[in-house]
Amino acid sequence: MRLILTALIFLVGMFDLSMAGSFLLTPQSTASGPVFGLAPIGIAGLSTIRGDMTSFFAVGAVCMMWGAWRRNADLLLVPAMLFGTTLFGRAVNLAVVGAYPGWAMPMAVEAGHVVLALAAWRLLPHHKIAEIAG
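As the structure is a prediction and not an experimental result, all values here were calculated from the model. (Residues numbered from 1 in each chain as written. Predicted model: local features only at pLDDT ≥ 70, side-chain atom pairs only at ≥ 80, totals over all residues. Heavy atoms only, no water.)

Each helix and strand in the protein was counted, giving six helices and zero strands. Seen in sequence order, the protein has helices and strands lined up from the N terminus as α-α-α-α-α-α. Over its C-alpha atoms, taken along the principal directions, the protein stretches across nearly 45 × 35 × 30 Å. Relative to its full complement of 134 residues, the protein shows a buried share of 34%. Accessible area of the protein: about 8,000 Å², with a carbon and sulfur share of 74%. For the protein, the centre of its 7 positive side-chain charges and the centre of its 5 negative side-chain charges are spaced 8 Å apart. (Helix = DSSP H or I, 4+ residues; strand = E, 2+ residues; numbered from the N terminus. Buried < 20%, exposed > 50% of the residue type's maximum accessible area, 1.4 Å probe, protein only. Areas by Shrake-Rupley, 256 points an atom, 1.4 Å probe, with all protein chains shown as cover. Lys, Arg positive; Asp, Glu negative; His and termini not counted. Charge placed at Lys NZ, Arg CZ, Asp CG, Glu CD.)

Next up, the structure:
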């Protein structure tokens, strides 16, 4: 089970790394797709999409892949928090503004990231939260 979960974490990390590369190299086309629905306003907006979205996916990917490779589940808490925060923000938006076409897919992907990272955190070697936080 550990091997399958580790491989799955690594594969999801590779997918996220490819997303980071897409935002870095082709931010406008990647952001404006049906999943993200973002459109930059001027060069500053393009810079924000390129920087923020690249860093989001790259940090999540590197922590997932490094954590899986090194069997260090502590690193998996970073993508769990990143994608969990994003999922929470989308849930707030869904409650406040309402649904839009295709809203469920990004939320399912983010929830999958959180569940996968936390499940791997439980199975792979890790420190207690109190040791990390305190």
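Let's pick the thread back up.
Judged by side-chain polarity, Phe-88, Val-92, Val-96 and Val-97 come together as a nonpolar surface patch covering roughly 430 Å² of accessible area. With respect to the helices and strands, Phe-88 occurs in helix α4 (residues 77-96). Judged by its relative accessible area of 58%, Phe-88 is exposed. (Patch = residues over 30% accessible without salt bridge, like charges linked within 9 Å, V, L, I, M, F, W, Y side chains within 5 Å. Salt bridge = Lys/Arg side-chain N within 4 Å of Asp/Glu carboxyl O.)

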